[in-house]
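Notes for the structure review
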2 protein chains.
Amino acid sequence: MFHLGLVPGRAWGALLCQLLRPPRTVCVRAVGCHGQVAEAVLTSQLKPHQEKPNFIIKVPKGTRDLSPQQMVVREKILDKIISCFKRHGAKGLDTPAFELKEMLTEKYEENLRLMYDLKDQGGELLSLRYDLTVPFARYLAMNKLKKMKRYQVGKVWRRESPTIAQGRYREFCQCDFDIAGQYDPMIPDAECLKIMCEILSGLQLGDFLIKVNDRRIVDGMYAVCGVPESKFRAICASMDKLDKMSWKDVRHEMVVKKGLAPEVADRIGDYVQCHGGISLVEQMFQDPRLSQSKLAVEGLADLKLLFEYLTLFGIAEKISFDLSLARGLDYYTGVIFEAVLLQLPAQAGDEPLNVGSVAAGGRYDELVSQFDPKGHTVPCVGLSIGVERIFYIVEQKMKTSGEKVRTTETQVFVATAQKNFLQERLKLIAQLWDAGIKAEMLYKNNPKLLTQLHYCENMGIPLVIIIGEQEQNEGVIKLRSVASREEVTVKRENLITEIQKRLSES
Amino acid sequence: MFHLGLVPGRAWGALLCQLLRPPRTVCVRAVGCHGQVAEAVLTSQLKPHQEKPNFIIKVPKGTRDLSPQQMVVREKILDKIISCFKRHGAKGLDTPAFELKEMLTEKYEENLRLMYDLKDQGGELLSLRYDLTVPFARYLAMNKLKKMKRYQVGKVWRRESPTIAQGRYREFCQCDFDIAGQYDPMIPDAECLKIMCEILSGLQLGDFLIKVNDRRIVDGMYAVCGVPESKFRAICASMDKLDKMSWKDVRHEMVVKKGLAPEVADRIGDYVQCHGGISLVEQMFQDPRLSQSKLAVEGLADLKLLFEYLTLFGIAEKISFDLSLARGLDYYTGVIFEAVLLQLPAQAGDEPLNVGSVAAGGRYDELVSQFDPKGHTVPCVGLSIGVERIFYIVEQKMKTSGEKVRTTETQVFVATAQKNFLQERLKLIAQLWDAGIKAEMLYKNNPKLLTQLHYCENMGIPLVIIIGEQEQNEGVIKLRSVASREEVTVKRENLITEIQKRLSES
């Protein structure tokens, strides 16, 4: 089943054409669009003492402003995500944008070079946070917390090199939900997957699939295939690129760059093609090679239990056990998962195509202990929603459907048709604000009525109050509906009540 | 009139004792409290390959985590502020956490050393934003916007030196509202002051006062007092410290550090003691010295008009024309303002005492042109709410009143009194989540009923569903009110409807 939302089938076709371009390109185009506005060369300076060479007004590479239109879309998406986190009993948390550099190193061995460091201006060495998971683990250890279910929404920063990951945003928003604590196996893990399903269904992004694997199965698979243990994390990082690169290219990287024996790579190649449901889990228990690994068997047993819970949650058909899933971050220790949006099959043969990962997560049981002075373990599992890609898809969907977005919430506009009514307008609008009504007026002494009415139409403001000499003499105002152009006369003292009545009806 | 809110008089006394300490100390204590938890020395590392010297788990100097309790308070405050901004028709905007360093320099000449720079890792030179005003001006120029009413909420970073401003947060949240565009004089300026009043009244922080001045009056005053024009900004920066230092100390800084002639400083000293309402504006028009300055007279004329509009808005009695107000930032060109909370007079004689600035702003008509290639001017006026201090006051108020803060919004808990009911609980809770009901359960196969009920009481969850063998056989569940301990039996198929009915009633 596909969630078509408000978008008609033909519009979806156009959207999907966009989506079929590789995800990187999608981002480049978004940056490029915004960039156009920015390319204004400063040739002169007003202040006489400022004599510097021409410079270009722009935002830093890989970052962007969010315009009011974009903020409306962003807010709607974040609202849905945060509501879901709260529906599952999560508490909020906020951590600083930067951490002591030593808190972050060793947590991302493979990705360390992507961290933004702050300049040493005397004092502590600091880096911008790379994700919200490590700060959460630091928070738990620092406050000696043994359990916590928390969500956090915030920006993270990664210096993705444009040559290897062209156009990826370097500043982006993450929405994280994590469950820390020692519990019975796979119950919190299953809830994380349920949350992913609720959020992706709720956002009506179209059909999706959540790939699931387990780091112990990955490591067990490496061991039985003959990967030396010292290469596990490096090979894992290569395997993580399978959603962006073909197996052929990943194999090449493993063999040439990471020095893996070709026959070992080929053995891995056999496994990474396997994906399926609970039956694949059963099948792998019988796999002559994989079943030799104690680690892998532990992982398989947990996946089996997980699928049982997912069935009770009614989401098992959304989940695929996928042996190619690796997840790049070093700190995962158990189940790992990643949600991808699927293309409509009609658009490209029978096999649904991956159009990009929009959420991911996994279990990291050892991360907190790395911060704890006594090495106390706090097992954790969690997920992160990739807002930027979702944002892009929703934005495109709205553009395609031609849906007009209001960027303000103004309910009433205070207008006049005559000169010298500024004082009355100021008194009236203060009365509205004080009653909690969202109101605007033009900042002009004597605006034209037509200008004022046009403003209301452009901004989608539903109601206009009109005041003039006659109205003032009679102690009334005119209340006009912008859409129907109907006008009624209301007594000044009934104004607030009448407006509140109208607003509650609409 | 004083806004006592929910706090009884005696509690206010205790709170005010706290507030009477200098604002810096207030912050130091908050940091200190949180710091205690953090001082855990890492003596061992779990991973054998990690052999580094002991280190302390902490957050960077001048930053802090916000705990779930604090997040609830923070969210309530931000909600009220953002609602007010939206009530006045503002659009949302977001800008990156860092900007090109060259975009920020020259905008804060006096404060440049407080900027956080990013390390040069190859590429652009970047700095963390110092406020939200300069990025807004950059956004307007970059997108060639001639008018915009926008709000922005976000973190800013300032490397306040602990020796001169001990304990100030280096990472803090600002809530900005600005009106850009060429309009008739003082109408947007008056709205900014109205917004400040609405927010401060709405937050029930106690009585407050908004000091108003004009940069042209400040500069005119400097000119007629005999300050050389080259020293205007430096003397202005000294004068800005008058809310933290006595005139004697500020005068000393002006004379000794900034090289001002003592008699010039004394002339300034006469003016900075003046504060009052519209009558002081009238009086200053007649001042033999100040009336000689064309600039100052322009500023006075605008203030006169401003007071007229403030009277129409019904807030004139909250505003004080104060010749000591300077505002530290370089970019202001016209009216400037700063809101301070007042202590209850009964606590310290008759004269209300300043307990710290909580909001500020002003007009900056030349900032956008500094970014515009052709030097086009976009006049702006805006305000910034200092959330950290407000947050501290509200938090203290809640502590004093003993008000218990719920950190989750969970409405229903799914419990069992018997073993082997995990499957049923999972099925039930998924049904609740899918109906949009906020629900939790314990992540245990066989939890004790008492543990489950205690959890509900501790977390303030109002309803519990209890399922057991008997209920399952009869196709019912028990619905229990945690507060009254009353239990009713509900048919499984009516469960969602019954819960929704209960929740809508409460």
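Everything numeric in this text was worked out from a predicted model, so none of it was measured.

Some words on the pairing of strand β8 (residues 208–214) of chain B
Residue and element names in this part refer to chain B.
- Within β8, six of the seven residues are buried, which leaves it mostly tucked inside the rest of the structure.
- Bridge count between β8 and strand β11 (residues 335–342): seven bridges; the pairing is antiparallel. Bridge pairing in β11 links isoleucine 210 to alanine 339.
- As paired strands, β8 and strand β10 (residues 319–322) are joined by three bridges and run parallel to one another. Bridge pairing in β10 places lysine 211 opposite serine 320.

A word on the sheet that holds strand β14 (residues 412–416) of chain A
Residue and element names in this part refer to chain A.
- One open sheet holds the five strands; their spatial order is β15-β14-β16-β17-β18, and the pairing between them is mixed. In this open sheet, the two strands that pair with only one neighbour each are β15 (439–440) and β18 (487–491).
- Taken together, the five bridges between β14 and strand β16 (residues 463–467) define a ladder with parallel strand orientation. Counterpart to alanine 415 in the pairing with β16 is isoleucine 466.
- Along the sheet, helix α14 (residues 422–434) makes contact with β14, β15, β16 and β17 (476–481), crossing β14 at roughly 165 degrees.

Some remarks on the relation of the copies chain A and chain B
- Expressed as a screw transformation, the operator carrying chain A onto chain B has a rotation angle of 180 degrees and an axial translation of 0.0 Å, and the superposed copies differ by an RMSD of 0.0 Å. Put plainly, the chains are arranged around a two-fold axis.
- When you check the interface residues of chain A against chain B, 100% turn up at the interface there too, and the contact is symmetric in its surfaces.

Overview of helix α13 (residues 387–401) of chain A
Residues and elements named next belong to chain A.
- Relative to the 21 Å expected for 15 residues at 1.5 Å per residue, α13 spans 21 Å between its end C-alpha atoms, a close match to the ideal helical length.
- The buried count for α13 comes to 11 of 15 residues, which makes it a mostly enclosed element.
- Buried residues of α13: Val387, Glu388, Ile390, Phe391, Tyr392, Ile393, Val394, Glu395, Gln396, Lys397 and Met398, and no others.
- Looking one or two places after α13, you find glycine 402, whose phi comes out positive at around 70 degrees.

Here's the deal with the UniProt feature "binding site: L-histidine" (unreviewed entry) in chain A
Residue and element names in this part refer to chain A.
- UniProt's feature table lists "binding site: L-histidine" (unreviewed entry) at Asp131, Leu132, Thr133, Arg158, Gln174, Asp178, Arg327, Tyr331 and Tyr332, given in the numbering used throughout.
- Structurally, tyrosine 331 can be placed in the loop between β10 (319–322) and β11 (335–342).
- For tyrosine 331, a relative accessible area of 6% corresponds to the buried category.
- In terms of polar contacts, tyrosine 331 uses its side chain to reach the side chain of aspartate 131, at 2.5 Å.
- In this structure, tyrosine 332 sits in the loop between β10 and β11.
- Those residues in contact with tyrosine 332 that lie beyond four places of it in its chain are Arg215, Arg327, Gly361, Gly362, Arg363 and Tyr364.

Concerning the packing of aromatic side chains
- One pass over the full model with this rule turns up 18 aromatic pairs over all chains.
- One aromatic cluster is present, built from ring pairs that chain together Phe85(A), Tyr151(A) and Phe177(A).
- Cation over ring: Arg150(A) sits above Phe136(A), and NZ or CZ is 4.1 Å from the ring centre.
- Here the basic side chain of Lys318(B) rests over the ring of Phe208(B), its NZ or CZ set 4.6 Å away from the ring centre.

Notes on the packing of helix α3 (residues 68–87) of chain B against helix α14 (residues 387–401) of chain B
All names here are of chain B.
- Viewed as axis vectors pointing N to C, α3 and α14 meet at an angle of 120 degrees, and their least axial separation amounts to 10 Å. It follows from the interaxial angle that α3 and α14 lie oblique. With respect to the hand of their crossing, α3 and α14 are arranged in right-handed fashion. Contacts from Gln70, Val73, Arg74, Lys76, Ile77 and Leu78 of α3 reach α14 at Val387, Glu388, Ile390, Phe391, Val394, Glu395 and Met398.
- Considered class by class, the residues forming the contact of α3 with α14 number eight nonpolar, one polar and four charged.

Conventions adopted
- Residues numbered from 1 in each chain as written.
- Chains lettered and ligands numbered in written order.
- Predicted model: local features only at pLDDT ≥ 70, side-chain atom pairs only at ≥ 80, totals over all residues.
- Heavy atoms only, no water.
- Buried < 20%, exposed > 50% of the residue type's maximum accessible area, 1.4 Å probe, protein only.
- Helix = DSSP H or I, 4+ residues; strand = E, 2+ residues; numbered from the N terminus.
- Pairing = 2+ DSSP bridges.
- Contact = heavy atoms within 4.5 Å.
- Axes fitted to C-alpha atoms, helices over the stretch in contact; angles between N-to-C directions.
- Least-squares fit on C-alpha atoms with pLDDT ≥ 70 in both.
- Expected span 1.5 Å × (residues − 1).
- UniProt positions renumbered as here; feature names shortened; annotations may be inferred.
- Polar contact = N/O pair within 3.5 Å; in protein donor to acceptor, adjacent residues only side chain to side chain.
- Phe/Tyr/Trp six-rings, centres within 6.5 Å; stacked < 30°, edge-to-face > 60°.
- Lys NZ or Arg CZ within 6 Å of the ring centre and 35° of its normal.
- Parallel < 35°, antiparallel > 145°, perpendicular 65-115°, else oblique.
- Left-handed = near helix turned anticlockwise from the far one by under 90°.
- Nonpolar A, V, L, I, M, F, W, Y, C, P; charged D, E, K, R; others polar.

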